[in-house]
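Read off the chains here:
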Amino acid sequence: GDSVTQMEGPVTLSEEAFLTINCTYTATGYPSLFWYVQYPGEGLQLLLKATKADDKGSNKGFEATYRKETTSFHLEKGSVQVSDSAVYFCALRTHSGSARQLTFGSGTQLTVLP
Amino acid sequence: GAVVSQHPSWVICKSGTSVKIECRSLDFQATTMFWYRQFPKQSLMLMATSNEGSKATYEQGVEKDKFLINHASLTLSTLTVTSAHPEDSSFYICSASYREGQPQHFGDGTRLSIL
């Protein structure tokens, strides 16, 4: 079945450091890929997405590129801020069967220190 | 952008009580809504898929008599945790999408604490 493997956390960085959170996936067909962010006590918000190979999703300084050859969708940001502290979830959605269901990774807790 | 409202955001109740959680799509019609459960420091686990006007589809291992889902309209789905016990304490999150191929929009979640 479909699965998403995420870099284990927690990750602690200083402000302005470079961030990478690794995400790889296993899926049949050609899934759409997503990164969601969850701030403390809140639900999930879509951060960015990519729907086909080599697409780059970007938002709020975060980027991720859909790499079909390595089945990866790593999240990056060049300079993190304290306000980026949250849990980040990588997710995929396939286009067969229950097409709108999402499969999530386990989440990566990010803490950015001032 | 699309907004999904979930209510209540936090509920504390005694063991044996039934608790209803509402999920509303405020500015779009959602033919399908999803209910997730999140344990502390873990990922979301899909509990069920709720389709307007029909019975919900439950994931394996989720008790449908325990977690009653009703999707009576295109903007409202409810999850009722019946005869809740401490092990049902968790963070419950709903989501909705308004069109095939569009991302899901999530509610802010409901923290359920059963004493």
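Preceding block: the structure.
Predicted, not measured: the structure shown is a model, and the values here were computed from it. Every chain's residues receive numbers from 1 upward, in the order its sequence appears when written. Starting at A for chains and at 1 for ligands, labels are handed out in the order in which the entities are written. This being a predicted model, a pLDDT of at least 70 is required before a residue's local features are given, and a value of 80 or more before pairs of side-chain atoms are given or counted; all residues contribute to the totals for chains, interfaces and linings. The basis for the side-chain values is all heavy atoms of the structure; hydrogens and waters are excluded.

*Asks:* For this particular structure, what's the right way to read the overall build of chain A?
*Replies:* Counting its secondary structure elements, chain A contains 0 helices and 12 strands. Computation of the radius of gyration draws on C-alpha atoms, with the globule rule given as 2.2 Å multiplied by the number of residues to the power 0.38. For 114 residues, the compact-globule estimate of 2.2 N^0.38 gives 13 Å, and the C-alpha radius of gyration of chain A, at 14 Å, lies within 12% of that figure. If one aligns the C-alpha atoms of chain A with their principal axes, the spans along those axes are about 45 × 30 × 20 Å. Throughout, exposure labels follow a simple rule: accessible area from a 1.4 Å probe, protein chains only, divided by the maximum for the residue type, with under 20% read as buried, over 50% as exposed, and the rest as partly exposed. Looking at chain A residue by residue over its 114 residues, the buried ones come to 46%. Contacts spanning at least 24 positions in sequence make up 57% of the contacts within chain A whose residues lie at least 6 apart. To be clear on the numbers: accessible area is Shrake-Rupley with a 1.4 Å probe, and residue cover counts the displayed protein chains and nothing else. Entry remark: accessible area of chain A is about 5,300 Å², with carbon and sulfur atoms responsible for 48%. Counted as positive: Lys and Arg. Counted as negative: Asp and Glu. His and the chain ends are not counted at all. Think of each charge as sitting on NZ of Lys, CZ of Arg, CG of Asp or CD of Glu. Averaged over its 9 positive side-chain charges, chain A has a centre that lies 10 Å from the centre of its 11 negative ones. Here a strand is any run of E in DSSP of at least two residues, a helix any run of H or I of at least four, and the numbering for each starts at the N terminus. The contact criterion used throughout is that any non-hydrogen atoms of two residues lie within 4.5 Å.

*Asks:* Just checking my understanding: could you explain the state of the cysteines for this structure?
*Replies:* Defined simply, a disulfide is a covalent bond joining two cysteines at their sulfur atoms. Residue and element names in this part refer to chain B. The disulfide criterion used throughout: a pair of cysteine sulfur atoms within 2.5 Å. Tallying each qualifying case throughout the model produces 2 disulfides over all chains. Covalently, Cys23 is tied to Cys94 through a disulfide, its sulfur atoms 2.0 Å apart. Disulfide Cys23 to Cys94: torsion about the S-S bond roughly 80 degrees, handedness right-handed. Here Cys94 lies in strand 9 (residues 90–97) and Cys23 lies in strand 3 (residues 19–25), a separation of 71 residues in the sequence. For the pair Cys23 and Cys94, one class covers both residues: buried. Here Cys13 is not cross-linked by a disulfide; its sulfur's nearest cysteine counterpart is in Cys94, at 18 Å. You can call Cys13 buried: its relative accessible area is 12%.

*Asks:* In this structure, what is going on with the interface of chain B and chain A? I would like to understand it.
*Replies:* Residue-level contacts link 24 residues of chain B with 18 residues of chain A. Of the roughly 1,600 Å² buried between chain B and chain A on both sides combined, carbon and sulfur atoms contribute 50%. The term salt bridge refers to a pairing of a side-chain nitrogen on Lys or Arg with a carboxyl oxygen on Asp or Glu at a separation within 4 Å. Taken together, the connections running from chain B to chain A amount to 0 salt bridges. What qualifies as a polar contact is a pair of N or O atoms within 3.5 Å, subject to a donor-acceptor requirement within protein and to the restriction that residues adjacent in sequence count only when both atoms come from side chains. For the pair chain B and chain A, the interface holds 1 residue pair in polar contact (both at pLDDT 80 or more). For the side of chain B that touches chain A, the element with the most residues is strand 4 (residues 32–38) of chain B, which contributes 4 residues. Residues are grouped as follows: Ala, Val, Leu, Ile, Met, Phe, Trp, Tyr, Cys and Pro are nonpolar; Asp, Glu, Lys and Arg are charged; every other residue, Gly included, is polar. Within the side of chain B that touches chain A, the residues separate by chemical class into 8 nonpolar, 12 polar and 4 charged. When two components associate, each loses some accessible surface as probed by a 1.4 Å sphere; the sum of these losses over both components is called the buried area.

*Asks:* Even after reading the chapter, I still don't get the pairing of strand 5 (residues 32–38) of chain A, so can you show me in this structure?
*Replies:* Successive residues of a regular strand alternate their side chains across the two faces of the sheet. Residue and element names in this part refer to chain A. Summarising burial for strand 5: 7 of the 7 residues are buried, a large majority. Burial of the side chains of strand 5 extends over both faces: Ser32, Phe34, Tyr36 and Gln38 are buried on one face and Leu33, Trp35 and Val37 on the other. Here strand 5 pairs with strand 10 (residues 86–93) via 7 bridges, running antiparallel. The residue bridging Gln38 from the neighbouring strand is Val87, located in strand 10. What makes two strands pair is DSSP finding at least two bridges between them. Pairing between strand 5 and strand 6 (residues 44–50): 6 bridges, direction antiparallel. Residue pairing in the sheet places Tyr36 in a bridge with Leu46 of strand 6.

*Asks:* Please explain the sheet that holds strand 9 (residues 75–77) of chain A as it appears in this structure.
*Replies:* Adjacent strands of a sheet pair through backbone hydrogen bonds, lying either parallel or antiparallel. Residue and element names in this part refer to chain A. If you walk across this open sheet you meet the 4 strands as 3-9-8-7, and the pairing is antiparallel. Each edge of the sheet is formed by a strand with only one pairing partner; in this case those strands are strand 3 (19–21) and strand 7 (56–59). With strand direction ignored, the average angle separating the axes of adjacent strands in the sheet is 15 degrees. As defined by bridge partners, strand 7 adjoins strand 8 (residues 62–65) across 4 bridges and the pair is classed as antiparallel. Along strand 8, the bridge assignment pairs Gly57 with Ala64. Note on method: axes are straight lines fitted to C-alpha atoms, helices fitted across the in-contact stretch only, with angles between N-to-C directions ranging 0 to 180 degrees.

*Asks:* Teacher, can you tell me more about the pattern of salt bridges here?
*Replies:* Pairing between side chains of opposite charge can happen when their charged atoms approach one another. Using the criterion set out here, one finds 5 salt bridges over all chains in the structure. For Asp55 of chain A, the salt bridge is made with Lys52 of chain A, and the minimal N-O distance between the two is 3.4 Å. Ionic pairing is found between Arg24 of chain B and Glu22 of chain B, a salt bridge with its closest N-O pair at 3.5 Å.

*Asks:* Which parts of the structure should I look at to understand the environment of Ser77 of chain B?
*Replies:* Residues and elements named next belong to chain B. Note that Ser77 resides in strand 8 (residues 76–81). In contact with Ser77, not counting residues within four places along its chain, are Ile21, Glu22, Cys23, Met33, Trp35, Ser50, Ile69, Asn70 and His71. One polar contact links Ser77 to Trp35, side chain to side chain, over a distance of 3.0 Å.

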